Every structure is written in C-alpha cells, then in structure tokens.
Amino acid sequence: MSVFFKIINAFRSIRLNTKKGLQGMPLNYVLVSSMYAEQQSAYINSFETGLRKSILKKLLEDYWHIGDKNAAVETLLDLQNRNDDTYINVVYGAWAVKDDYVDFLKSNLPEEEDAFKYYIGIYRKLKNVVPELIELGVIKEFSDLKTIKDSGWNYGRAAFLARCCFEMGYISEVEMQQYLENGYLGLKKYCKTWEEYTISYILGRAIWSGANISGMVQIAEHLLQNEKSPLKRRAYI
C-alpha cells in the first residue's frame, strides 16, 4: 500500500455497532456488505446499518428505484443471480485471444445485437481497468480475476441493500437473513478470502463507473488492515 493510502487510512475509522454487533457465521454473512457499508459510513458488523431513515430512503429510491417489497425482492434477486451469467465466462475467456477477441466473442455470445454490444462493452472496460488494477497493486495479472470476477460487487451490493430494505420495512428480518446467508454462500463459490472479495468488488465498481479505483482500493486496504476491522481477523471467507 502506498504512503498516501497509509496516511489517509490513519484518519479513517471502522464504524462498529458496539451494542448489537454480530459474531460467528451471522457476522460473516453481514461482512459481505462491508465494502458498500464503508462507502456509506454504515456499521459493518450488524444487521442495523446505523444510518438515518431519510438517508436509507434516498439511497434506495434515488439510486435503486426501490420503494416497496416487490422492487426490493426483484433487485436483490437480480444482483445475486448476475453471478450465474455464463456469458461472462466468455468475456473473460476472450482475454487470451487478444487481437482476435471480436471474432471469439461473436462466435460464443448471443447473436442479438444488444446482447453482443453489452458483453463486448464489458470486455473493453476490462481492457481499460486491468492495467490500472495492476499498477495500483490490486492484482499481479489478469488471471487473478478469472475465478473471482465481479462476484463481490454483485453479492456485496445485494447484502447491503438487504440490510437497508429490512430497516425500511420492505422485507422481514427472516427474509433479510436469508438473503445475507445466500449471498455469503454464493460468494464462497468465487472467492476464497476476504481479500479476493474486496478485489472483486473493486473490479465490479471499476467496470461500472470507470473511475475512482483508488478510492475503492483505499476502502479495501482499510477493511483488511485496520485493527478494529473484523476482516483483519478473518483471512478466509
């Protein structure tokens, strides 16, 4: 980690719920949301986010268009199911063919024009993002991403939104816990360590926005190295 990040992280603080903090497997389930929670300055160790209802309402409605149970369930399932997209494997496989990637993608992706444009768009974003991830020391080479992909980004957002939707009354506590558990078990299929989780979250965020990778790296380093962070004491997911 660069000196810059070390200096910045010295002024950051992990926000923990000291009254209703979780332990054991329930804590593991919630930690899938930790990257998103840190972005929002929310608790990372409890079902409760510690955010005001007005903030939760704005986040859910303005950014996710969630205002009721139906919208909540639809969004949560969509995020968790995105990791089952088999065509994403084709996109990552195209990396090995380099200059012939267009022909490779045409031969292995859906023929529909919109679908092809979507996946080739992801590939081109990867071409821009991967060199920066290597430069920042997040990964050593592209092969580091082939298994984890952007799973942390998808499951991480779903986990945090499940907590938000519970606090807004859109889903029950039992439903929230089921989403969190499903997300954790799903993430384990792709990532073995919490460090890999943060890398896959950074990757997804970078593909989505194309910017602010350094900010995400800073959050990841803080979660993984801060003495107060539960991730510091948990190497494996």
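Before reading further, recall that the structure is shown in the block above.
Residues numbered from 1 in each chain as written. Predicted model: local features only at pLDDT ≥ 70, side-chain atom pairs only at ≥ 80, totals over all residues. Heavy atoms only, no water.

**Some details on the overall build of the chain**
Of regular secondary structure, the chain possesses 12 helices and zero strands. If you list the helices and strands of the chain from N to C, you get α-α-α-α-α-α-α-α-α-α-α-α. A compact globule built from 237 residues should have a C-alpha radius of gyration of about 18 Å, and the chain, at 18 Å, falls within 12% of that. Based on the C-alpha atoms only, the size of the chain along its principal axes is roughly 55 × 45 × 30 Å. Within the chain, the fraction of its 237 residues that count as buried is 51%. Taking the intrachain contacts of the chain between residues at least 6 apart in sequence as the baseline, contacts between residues at least 24 apart amount to 72%. Accessible surface, the chain: about 12,200 Å² in total, of which carbon and sulfur atoms supply 49%. Charge centroids of the chain, computed over 30 positive and 29 negative side chains, lie 7 Å from each other. (Helix = DSSP H or I, 4+ residues; strand = E, 2+ residues; numbered from the N terminus. Rg over C-alpha atoms; globule rule 2.2 N^0.38 Å. Buried < 20%, exposed > 50% of the residue type's maximum accessible area, 1.4 Å probe, protein only. Contact = heavy atoms within 4.5 Å. Areas by Shrake-Rupley, 256 points an atom, 1.4 Å probe, with all protein chains shown as cover. Lys, Arg positive; Asp, Glu negative; His and termini not counted. Charge placed at Lys NZ, Arg CZ, Asp CG, Glu CD.)

**Structural notes on the side chain of Thr49**
By the secondary structure assignment, Thr49 is in the loop between α3 (34-39) and α4 (53-64). For Thr49, a relative accessible area of 0% puts it in the buried group. A distance of 3.2 Å separates the side chain of Thr49 from the backbone nitrogen of Leu51, its partner in a polar contact. Discounting residues that sit within four places of it in the chain, Thr49 has contacts with Arg15, Ala42, Tyr43, Leu56, Phe160, Arg163, Cys164 and Glu167. (Polar contact = N/O pair within 3.5 Å; in protein donor to acceptor, adjacent residues only side chain to side chain.)

**Observations regarding the packing of helix α9 (residues 151-167) against helix α10 (residues 173-187)**
Packing of α9 against α10 leaves a shortest axis separation of 9 Å and a crossing angle of 170°. Here α9 is positioned roughly antiparallel relative to α10, judged by the angle of their axes. Residue-level inspection shows Ser151, Gly152, Tyr155, Ala159, Ala162, Arg163 and Phe166 of α9 in contact with α10, the latter providing Glu173, Met176, Tyr179, Leu180, Gly183, Gly186 and Leu187. When its residues are assigned to classes, the contact of α9 with α10 shows eight nonpolar, four polar and two charged. (Axes fitted to C-alpha atoms, helices over the stretch in contact; angles between N-to-C directions. Parallel < 35°, antiparallel > 145°, perpendicular 65-115°, else oblique. Nonpolar A, V, L, I, M, F, W, Y, C, P; charged D, E, K, R; others polar.)

**Remarks on the pattern of salt bridges**
For the structure on display, the rule yields seven salt bridges. Of the charged contacts, one joins Glu48 and Lys20 as a salt bridge, the two residues approaching to 3.7 Å between their closest N and O atoms. Taken together, the positions of Glu48 in the loop between α3 and α4 and Lys20 in the loop between α1 (3-9) and α2 (24-31) put the pair 28 residues apart, joining distant regions of the chain. Classification of Glu48 as partly exposed rests on a relative accessible area of 23%. With a relative accessible area of 52%, Lys20 lands in the exposed category. Here Lys57 makes a salt bridge to Glu61, at a shortest N to O gap of 2.7 Å. On the criterion of helical spacing, the pair formed by Lys57 and Glu61 is a turn pair, its members being four residues apart in helix α4. With relative accessibility at 38%, the residue Lys57 sits in the partly exposed group. Judged by its relative accessible area of 31%, Glu61 is partly exposed. (Salt bridge = Lys/Arg side-chain N within 4 Å of Asp/Glu carboxyl O.)

**Observations regarding the nonpolar core**
In this structure, Leu105, Leu133, Leu145, Trp194 and Ile202 are the most contacted members of the largest nonpolar core, which totals 80 residues. Not counting the four nearest positions on each side in its chain, Leu105 is found in contact with Val90, Val91, Ala94, Phe116, Ile120 and Tyr123. (Core = buried A, V, L, I, M, F, W, Y, C linked by side-chain atoms within 4.5 Å.)

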